[in-house]
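# Survey of secondary and tertiary structure
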Amino acid sequence: MEIKQFDARNLAMVMDFYEMTMSNGYFAQWKEDGRARTARVAFDVFYRKNPDNGGFAIFAGLEQVLDYIETIHFNKEDIDYLREQHLFSEEFLEYLSSFRFTGDVYAFQEGTIMYPNEPVLTVVAPLIDAQLIETAILLQINHQSLIATKTRRIVQAADGRAVSDFGARRAHNMDAAVYGARAAYLGGAAGTATVLAGQMFDIPISGTMAHSWVMYFEDEYTAFKKYAETYPDATVLLVDTYDVLGSGIPNAIRTAKEVLEPMGKRLKGIRLDSGDLAYLSKKARKMLDAAGLFDCKVVVSNSLDEYTITSILGQGGKIDSFGVGERLITAKSDPVFGAVYKLAAVEKDGVFKPRIKVSENAEKITNPGLKQVYRIYDENGKSVADLLARADEEVDLTKPYRYIDQTKPWAVRYFENCTCKKLQEKVMEDGRVIGERKTIAEIRTYVDRQLADEIWAEEQRFENPHIHYMDMSPALYELKMEMLTSFRQGEV
């Protein structure tokens, strides 16, 4: 069997096959339509529903999207494989062999709190350029936004206690573990157990022992003693291998007294990974306090999420930090984010003409044309709504501004005494990243600041959150209605 050699992490071929067949078809039109080589299109990325019926989501994955687009290329192995499909012209394959993306990208700042049906990223590029990158954009944004949003819910449930990502072994593959850890950190996790994620993204890493360490030694106390002697400044002992209250906690206390304290060290913590975590953590806390180990932390893990954490703490669980694995890294309760990539405009004679997708399902009807998204703030700096407007119009809030409430378009509504901020900014020009990139710590801080200062607490509830208002400028609403009317009349 022939073993194929590939460029290290050349991900150009991570796409749905229709992107290639459509691109070849567009390429074929170039012989008859000279515009096709230079005319541009605009695609919007947006999603339709918040995970877990929540009130918001976190935009994540932009850095990886830009890295992919900036470096996309097709190597000899890619071209040979495509030739073997017997579908593509040699002229098209030759074009691909020297391909690079030459378009522009506009996007929200990574870490922005986002809501359904607003374009969080827009690609403006030659048609083939825009078409070939669809899948890669969606898979990065869908995955990382999902994990960042899920993590934030878990962090919120922990109510100030640290949450660490323990999910690598339950992730769907290696990349899901590594980039999931990145997204979790953006969402508020204190760190990760995934070493490569720590190395790649400068995320704090942590970890102690597995049950196998305890089982290897002839008895539990010896296992604890050996570990404490090896890591006297970072001793956290896993106490549920045999009997938490009967041996695990007593042996941990003995280790603290007989091994660590004579060295001038303190037992950092104990970890519970099974059983009734609320009950056991309360018992463990009493035993540790009675031994004078008031500073010893109680860490718990084992199939946790925002619901189990809320329940444990509601029962009075004495827990200092949580290690959260499978339900975080897979977003188990709602594992599909659902962002889509839809054509919004096509350039003709230097002017972008709007396009609209019509559906029997009203929620799948798209918003046409080049757009801008504005976040609207009241006089206290709280975000009261997002506004979708045409890219070529001015939104002036120095005076009352009339907007369209899409749920009640007949109502006459105004923003008064409000300010606004544009959410989309150009992040790539002619295929090259522009502007200063944010560090992962800066993105994480940005998430925290928005949720603390700008986003209503009512939108952050787990149950029945307030639905963020998504309004339209009159000009955009009129354009959409005109296009829908034209469609009904057979003009589109």
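Described below are features of the structure shown in this document. (Residues numbered from 1 in each chain as written. Predicted model: local features only at pLDDT ≥ 70, side-chain atom pairs only at ≥ 80, totals over all residues. Heavy atoms only, no water.)

### Side note on helix α4 (residues 90-97)
Among all positions of α4, only Phe92, Leu93, Tyr95 and Leu96 are buried. Angular distribution of buried residues about the axis of α4 spans 155°; they occupy a single face of the element. Among the structural elements, α1 (17-29), α3 (76-83) and α5 (127-132) are those in contact with the buried residues of α4. (Buried < 20%, exposed > 50% of the residue type's maximum accessible area, 1.4 Å probe, protein only. Helix = DSSP H or I, 4+ residues; strand = E, 2+ residues; numbered from the N terminus. Arc of directions from axis to C-beta. Contact = heavy atoms within 4.5 Å.)

### Considering the sheet that holds strand β10 (residues 297-300)
If you trace the 6 strands from one edge of the open sheet to the other, you get β7-β6-β11-β10-β9-β8, paired in parallel fashion. Of all the strands in the sheet, the pair left with one neighbour each is β7 (191-192) and β8 (236-238). (Pairing = 2+ DSSP bridges.)

### A few points about unusual backbone geometry
Phi is positive for Asn117, which is not a glycine, with a value near 70°. Secondary-structure assignment places Asn117 in the loop between β4 (113-114) and β5 (121-126). Since its relative accessible area comes to 30%, Asn117 is described here as partly exposed. In this structure, Asp430 is a non-glycine residue whose phi angle is positive, near 50°. Its place among the elements puts Asp430 in the loop between β19 (425-429) and β20 (432-433). Since its relative accessible area comes to 37%, Asp430 is described here as partly exposed.

### Section: the environment of Lys353
Within the secondary structure layout, Lys353 lies in strand β13 (residues 351-354). Relative accessible area serves as the criterion here: at 38%, Lys353 is assigned to the partly exposed category.

### Some words on the sheet that holds β20
With respect to topology, 7 strands assemble into an open sheet ordered β13-β12-β1-β5-β3-β19-β20, the strand pairing being antiparallel. In this open sheet, the two strands that pair with only one neighbour each are β13 and β20. Both strand β3 (residues 104-107) and β5 contribute to a ladder of 4 bridges, which runs antiparallel. Following the sheet pairing, Tyr106 is matched in β5 by Thr122. Its contacts with the sheet place helix α6 (residues 134-158) against β1 (40-46), β5 and β12 (340-348), and it is angled at close to 140° to β12. (Axes fitted to C-alpha atoms, helices over the stretch in contact; angles between N-to-C directions.)

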